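# Architecture at a glance
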Amino acid sequence: MKTTLFGALLASTIMSGAAFAQDKTDVTIVLSEELELIDPCMSSQSNIGRVLLGNISETLTVYEPATATLKPLLAESWEETQPGTWRFKLRQGVKFSDGTDFKAQDVIHSLERTISDKMTCEVGGKYFGGFKINATKVDDFTIDITTDPAQPILPLLMSSLTIVPEETPLEMVQQPIGTGPYAMTERNIGTNIVLTQRADYWGDKPKVTKATYVFRDDSAVRAAMVEVGEADIAPVISELDATNPDMDFSYPNSETTYLRVDHATAPLNDRRVREAMNLAIDRDAFIGTLVGKDSAKATAVVPPTTLGYNKDLKPYPFDLERAKALLAEAKAAGVPVDQEILIVGRLGMFPNISEILEAMSQMLNDAGFNTKLEMKEVADYNTYYNRPFAEGRGPQLVAAQHDNAKGDPVFSMYFKYGTEGLQSGLVYPELDAEIAKATEASGDDRAALWSDVMKDIHENLIGDVEMFHMVGFSRVNPRLDFTPTISTNSELRLSEIGFK
Amino acid sequence: MKRFIGKRAMASAISLVGLIVLVFFLSRLTGDPTDLYLPIDATQEMRDKFRELHGLNDPLIVQFGRYVWDLLHFDFGESIRQARPAMEVVLEGFRWTLTLAVITMTLVTVAAIVIGSLAAFKVGGVFDRITSFFSLIGASAPDFWIAIVGIVIFAVQLRWLPTSGTGTIWHWILPISVLFIRPFGLILQVVRGSMITALSSAYVKTAKAKGVPPRPIIFVHGLRNAMLPVITVIGDQAAGILNGAVVVETIFGFPGIGKLMIDAILQRDFAVILAAIMVSAVAIFIMNLLIDLAYAMLDPRIRY
Amino acid sequence: MSQTNTTTTPKERGRIGTFIRLLWADKFAFFAALFLLVVVLCAIFGPIWLSDEATRQNLRGRNAPPFELSRGFMYILGADQLGRPLLPRIIVAAQNTMAVAAGAVICSMIIGSALGLVAGYTRSRWSGAIMRLGDVIMSFPSLLLAVIVLYMLEPSVANIVLVLAITRIPIYLRTTRAEVLEVRERMFISAARVMGTSDRRIVFRHILPVVMPTLITIATLDFAFVMLAESSLSFLGIGIQPPEITWGLMVSQGRPYLTNAWWLSFWPGLAIILTTLSLNLLSAWMRIALDPVQRWRLEMGGRKNG
């Protein structure tokens, strides 16, 4: 009896899972990792955002990186009624997938839930921290949002706030409800997630009727699945597996890589040393070898589509002689250039990271530095990456990657370069003041001020060793009409997929 | 017998308690999970809130007391990563791993014993050389090689099998084949070795002299004596799979316990680590008990 | 080992001669021994001799295919993802690889079998306690142990050996005990006990030799297991880290390239396989050569096959 039961359990396990017969308008998308959480307030995490954003959950506004403009979605219009207060007019006739109507109260609840201290929402932590924010209802379809201090980019921030019904509890939900064109109809943890098109969606009907998301860790397997037709889109594959020009696309993924320099310790506190480091790296040797051939040499930590990006800045050339000369000069001035410099990397942070850092370490040593590479596991790495840094540490270079797809440098600059910024190695009060000024400015002023900040970091202070604006690779089944873009890194709107 | 099982269950329960205490305190030595869960630019306020929410602010001993108290009420804590009860998360994965382990180890046991005994029957013969050679290569080849090459050949080139995933019986063929190879090589070698010793021992020779035909000699006399180390190694290999067939799970997208455990350890999801260890420890304890009972059955001289 | 020097006495030479003759009788074992000798020499002299070649990178010549002599003999096995020649890298990596693998296997075998002997031979409380300790280690995930060690200590060869050795103890412990349980009841042991032979003598002179062959079989295969386990630890941030190299690390670094530059992980993988194979062949030979009952197989077979 017991044996039979045991046998039945095993047999049911073998047969369970997805045996999917596909319609022509169904798609299967293979992601690189399982969604641990599926709450809309976590959708700033790219793996969660790819399933939720624009499909299940919608926001008041939506940022379009291609044109660098902010478009209306659940809000039809917005204006700043007085400094620090924005009034949003909401779209009418919108229904959530649970059948309730979308109203001002839902927006207020969504905002309060996101910043609530009963749960830790990633959207709240990432975009709504560090200032006071308060929403009040004017009527059912008008709300006022007040911030203190005033946030000139509040409408942009609202493009991150996923709207949930006001009944949503203050804990992580396992069944996300939103106003988007799809609803989650099935979730088999570890196996798949199924989204089905809603009949009562307020906007245009997308072409895809059903989407199944499956999860595979290995890039070669994801690529193989699209190749044999088991899946239609693999949003992220490794460059090495992107071997078929008919199916594979590269796109800028808004990630920028760099070595964070610790300006508080010798010899890295010497500008000549930092310049020598930048000159010692042969960046061109990496492009098309260890990073994708469409990657671009970076001059700032934000991608070129960002507001105020300074196009006049030039990447440091590879000049070994000059690097050696600078180093000799610093040495003559008594800078301890022979000291061992620790390069810290995190395993799996971006493709080929160990190889890239190994090569950089070698290049620096060729110029006369004494560097040593250590690859760390994530929790260990964070102790090097985040402030407060260890007392009595030696000089350190921390390999880092930063993603800013939101179009404004404010999400990067203070954290990366402020004196007390969590991941900043810089310690310059003048720069802090500049950043603060740009943060509060709006319009053309804002762009110009950010440009100055970037120039200062890149040329005057030589803040870090900038590496590349990275590219990602996707494989798409040729039966689909879909081209990945810079936003594919954080979202994958099914409504943008067509069929050939 | 009953007394032995009773005593053994007591001893295992004590070890389980020891294991829980050990894992609870040691795993917390590996750092605070806060930074792993919050966005990198989270404010200090948010960090404090997170710690408060997950009870990380209290002294370790208070956290432990709370954990034990919950445990006595069959509450195994909540997964930080999945915001679901930890035991629920673990049992879902364990079902897959257990199925993989049972099927694989059954196949391995049968194949290794039959082939290993045959090989030992004529040491240095062609059959012996060939099976040894291939099983050794299999046992020492990196498993991801076999997995990826298997996918490329059978799923992409020949299109006979699905690349990965679950759903039909076809989906299980590649993963089980990959899992099969290493334990098969090891157990085959142990069977072969033990059989050689057993076959050269005095009483088998006596049996031979008495004119008992060769095959029964192998399977009855030899095997019986060779079995003790063989079962032990089978147990060890099965424990290996129960603790997580990580490569197979990650490459083929099997939602088993191995991947779960790695992620939980790297993400410091303590409740899940503890729940997973408890489940696999109970499975391993039961398996070792069965092995010890099997010893006594195979060799009546062994008493406990 | 076959090295002769002037002070060798005739008797010793005679022994070595017998040794080589017995070895030559089994051709597989002979070449296995030869291969292992090469590996050991590489491990000792490789880093001194080839360190520079092994670390010189050339990004523009990355993943150069094998069997092309245009770049020089060093590139015969191709180049890796940073354009470094694979052959010298494999030779240099032998040192760390052998240190880790031999260290972990030998430590776990000694500790595991010692505990197993005690647990199997005595019927005291200790026996049960040791076995339950084995259960605990068996259920303690090796990765967690690795992360704990990483957090408290620095990743170094010694610590990796420690982690791997601890996780491999149960298999030796349980196997030794299983064998001892059976051997203990055999006639000759009972006889020895009746004759008043000391426990220590019984264990070392009578039981251990019977148990040893199985342990060695497991140990040779464990060599491969440990080399590969070490690579998965490196993958997670504990373990040998670049620019240090081991075969296991090379195998795992070559993993993403498996479908378009197979040689990156193939050659170091082959080195692991060949080492394991050689150890196993040699141990099979040793077991026959050292067993007076079975030695005739070599003495006869040598003439027949040779």
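As named in an unreviewed UniProt entry, chain C is ABC transporter permease subunit, taken from Paracoccus aestuariivivens. UniProt, in the comment section headed Subcellular location (unreviewed entry), describes chain C in these words: "Cell membrane". Quoted verbatim from the Sequence similarities (unreviewed entry) heading of the UniProt record, the comment on chain C is "Belongs to the binding-protein-dependent transport system permease family."

The name given to chain A in an unreviewed UniProt entry is Peptide ABC transporter substrate-binding protein, with Paracoccus aestuariivivens as the source organism. The Sequence similarities (unreviewed entry) comment attached to chain A in UniProt states, word for word, "Belongs to the bacterial solute-binding protein 5 family." Under Subcellular location (unreviewed entry), UniProt gives the following word-for-word description of chain A: "Periplasm".

## Some details on the overall build of chain A
A count of helical and extended segments in chain A gives 13 helices and 19 strands. In terms of overall dimensions, chain A is globule-like: its C-alpha atoms have a radius of gyration of 25 Å, near the 23 Å expected for 500 residues. For chain A, the spread of C-alpha atoms along the three principal axes comes to 75 × 65 × 50 Å. Looking at chain A residue by residue over its 500 residues, the buried ones come to 61%.

## Topic: the overall build of chain C
Within chain C, the regular secondary structure consists of eleven helices and zero strands. When the elements of chain C are put in sequence order from the N terminus, they spell out α-α-α-α-α-α-α-α-α-α-α. The burial tally for chain C puts 57% of its 306 residues in the buried class. Expressed as a percentage of contacts within chain C between residues at least 6 apart in sequence, the contacts between residues at least 24 apart total 69%. A total of about 13900 Å² of accessible surface is found on chain C, and carbon and sulfur atoms cover 67% of it.

## Focus on the domain arrangement of chain A
One widely used convention gives an interface's size as the accessible area the parts lose upon coming together. Residue and element names in this part refer to chain A. One can read the domain layout of chain A as domain 1 (57–163), domain 2 (182–247 + 477–499) and domain 3 (253–471). Domain 1 and domain 3 are separated by 34 Å when their C-alpha centres are compared. Of the residues lining the interface, ten residues belong to domain 1; the matching set on domain 3 comes to twelve residues. Of all residues in domain 1, the largest losses of buried area upon contact with domain 3 belong to Tyr-63, Pro-152 and Ile-153, amounting jointly to 48% of the total for that side. Counting across the domain 1 and domain 3 interface gives zero salt bridges. Viewed at the interface, domain 3 and domain 1 are joined by two residue pairs in polar contact (both at pLDDT 80 or more). A class-by-class count of the residues in the side of domain 1 that touches domain 3 yields eight nonpolar, two polar and no charged.

## A short note on the side chain of Asp-248 of chain A
Residues and elements named next belong to chain A. Topologically, Asp-248 is positioned in strand β12 (residues 248–261). Note on Asp-248: relative accessible area 12%, which makes it buried. Among the polar contacts made by the side chain of Asp-248, one reaches the main-chain amide nitrogen of Thr-243 at a distance of 2.9 Å. One polar contact links Asp-248 to Arg-475, side chain to side chain, over a distance of 2.7 Å.

## Remarks on empty space enclosed by the protein
This model, assessed by the stated rule, comprises seven cavities of 30 Å³ or more. What the largest cavity holds in volume is close to 80 Å³. Sorting the residues of the lining of the largest cavity by element identifies α8 (173–199) of chain B together with α8 (199–235) of chain C as the ones contributing at least two each. If one sorts the elements of the lining of the largest cavity by residue count, α8 of chain C sits on top with three residues. Put simply, the second largest cavity is a space of about 60 Å³. Lining the second largest cavity are Asp-80, Gln-81, Arg-84, Leu-86, Arg-89, Ile-245, Met-250, Gln-253, Gly-254 and Leu-264 of chain C. Going through the elements one at a time, α3 (86–121) and α9 (247–253) of chain C are the ones with two or more residues in the lining of the second largest cavity. Of the residues belonging to the lining of the second largest cavity, the class tally is four nonpolar, three polar and three charged.

## Side note on the UniProt feature "domain: Solute-binding protein family" (unreviewed entry) in chain A
According to UniProt, the feature "domain: Solute-binding protein family" (unreviewed entry) maps to residues 70–416 of chain A in the numbering used here. The distance from the first to the last C-alpha atom of residues 70–416 of chain A is 25 Å, and the span holds 23% helix and 27% strand.

## Things to note about unusual backbone geometry
Geometrically, the link from Asp-148 of chain A to Pro-149 of chain A is a cis peptide bond, its omega value of -5 degrees lying close to zero. The omega torsion of the bond from Ala-266 of chain A to Pro-267 of chain A falls at 0 degrees, within 30 degrees of zero and hence cis. By the secondary structure assignment, Pro-267 of chain A is in the loop between β12 and α7 (271–280). The phi angle at Ala-83 of chain B is positive, at roughly 50 degrees, despite the residue not being glycine.

## Notes on the environment of Pro-152 of chain A
Residue and element names in this part refer to chain A. Position of Pro-152 relative to the elements: it lies in the loop between β7 (142–148) and α5 (154–157). When the C-alpha positions of Pro-152 and Glu-80 are compared, they lie 8.9 Å apart, and in sequence the two are 72 residues distant. Leaving out residues up to four positions away in the same chain, Pro-152 has contacts with Trp-86, Thr-439, Glu-440, Ala-441, Ser-442 and Arg-446.

## Overview of the interface of chain C and chain B
Contact with chain C, which involves 53 residues of that partner, is made by 66 residues of chain B. Counting each side, the surface lost to burial between chain C and chain B is near 5300 Å², with a carbon and sulfur contribution of 70%. Our enumeration of links across chain C and chain B arrives at three salt bridges. The shortest N-O distance in the salt bridge between Asp-292 of chain B and Arg-177 of chain C comes to 3.3 Å. Where chain C touches chain B, the interface holds three residue pairs in polar contact (both at pLDDT 80 or more). Every element with two or more residues in the side of chain C that touches chain B is listed here: α4 (125–139), α5 (142–152), α6 (157–184), α8 and α10 (263–289) of chain C. A breakdown of the residues in the side of chain C that touches chain B according to their chemical character gives 29 nonpolar, ten polar and 14 charged.

## A closer look at the interface of chain B and chain A
The interface is formed by 48 residues belonging to chain B together with 51 residues belonging to chain A. Here chain B and chain A share an interface that buries about 4000 Å² over both sides, 59% of which is from carbon and sulfur atoms. Counting across the interface, chain B meets chain A through two salt bridges. Notably, a salt bridge pairs Asp-217 of chain A with Lys-259 of chain B, separated by 3.4 Å at the nearest N-O pair. The tally of links between chain B and chain A comes to nine residue pairs in polar contact (both at pLDDT 80 or more). For the side of chain B that touches chain A, the secondary-structure elements that each account for two or more residues are α2 (34–37), α3 (44–53), α5 (86–121), α7 (143–157), α11 (246–252) and α12 (257–266) of chain B. The greatest single-element share of the side of chain B that touches chain A, amounting to seven residues, is contributed by α5 of chain B. In the side of chain B that touches chain A, the residues fall into 25 nonpolar, eleven polar and twelve charged.

## Digging into the UniProt feature "transmembrane region" (unreviewed entry) in chain C
Residues and elements named next belong to chain C. Within this structure's numbering, the places UniProt gives as "transmembrane region" (unreviewed entry) are residues 28–50, 98–121, 207–229 and 266–290. Helix and strand shares over residues 28–50 are 100% and 0% respectively, and the end C-alpha atoms of the span are 30 Å apart. In this annotation, residues 207–229 is assigned 100% helix and 0% strand; the end-to-end C-alpha distance for the span is 31 Å.

## What about the pairing of strand β9 (residues 192–197) of chain A?
Residues and elements named next belong to chain A. β9 sits mainly inside the fold: five of its six residues count as buried. What sits between strand β8 (residues 182–188) and β9 in their antiparallel hairpin is a turn of three residues, with Gly-190 showing a positive phi close to 90 degrees. Across five bridges, the pairing between β9 and strand β10 (residues 210–215) is antiparallel. Within β10, the residue paired with Thr-196 across the bridge is Lys-210.

Cut-offs used in this document
Residues numbered from 1 in each chain as written. Chains lettered and ligands numbered in written order. Predicted model: local features only at pLDDT ≥ 70, side-chain atom pairs only at ≥ 80, totals over all residues. Heavy atoms only, no water. UniProt positions renumbered as here; feature names shortened; annotations may be inferred. Helix = DSSP H or I, 4+ residues; strand = E, 2+ residues; numbered from the N terminus. Rg over C-alpha atoms; globule rule 2.2 N^0.38 Å. Buried < 20%, exposed > 50% of the residue type's maximum accessible area, 1.4 Å probe, protein only. Contact = heavy atoms within 4.5 Å. Areas by Shrake-Rupley, 256 points an atom, 1.4 Å probe, with all protein chains shown as cover. Domains from an automatic or database assignment. Buried area = accessible area lost by both parts, 1.4 Å probe. Salt bridge = Lys/Arg side-chain N within 4 Å of Asp/Glu carboxyl O. Polar contact = N/O pair within 3.5 Å; in protein donor to acceptor, adjacent residues only side chain to side chain. Nonpolar A, V, L, I, M, F, W, Y, C, P; charged D, E, K, R; others polar. 1 Å grid on protein atoms, 1.4 Å probe; cavity = no way out; pocket = protein on both sides within 12 Å on 5 of 7 lines; lining within 4 Å. Points joined across faces, edges and corners; volume = space filled by probe spheres on them. Pairing = 2+ DSSP bridges.

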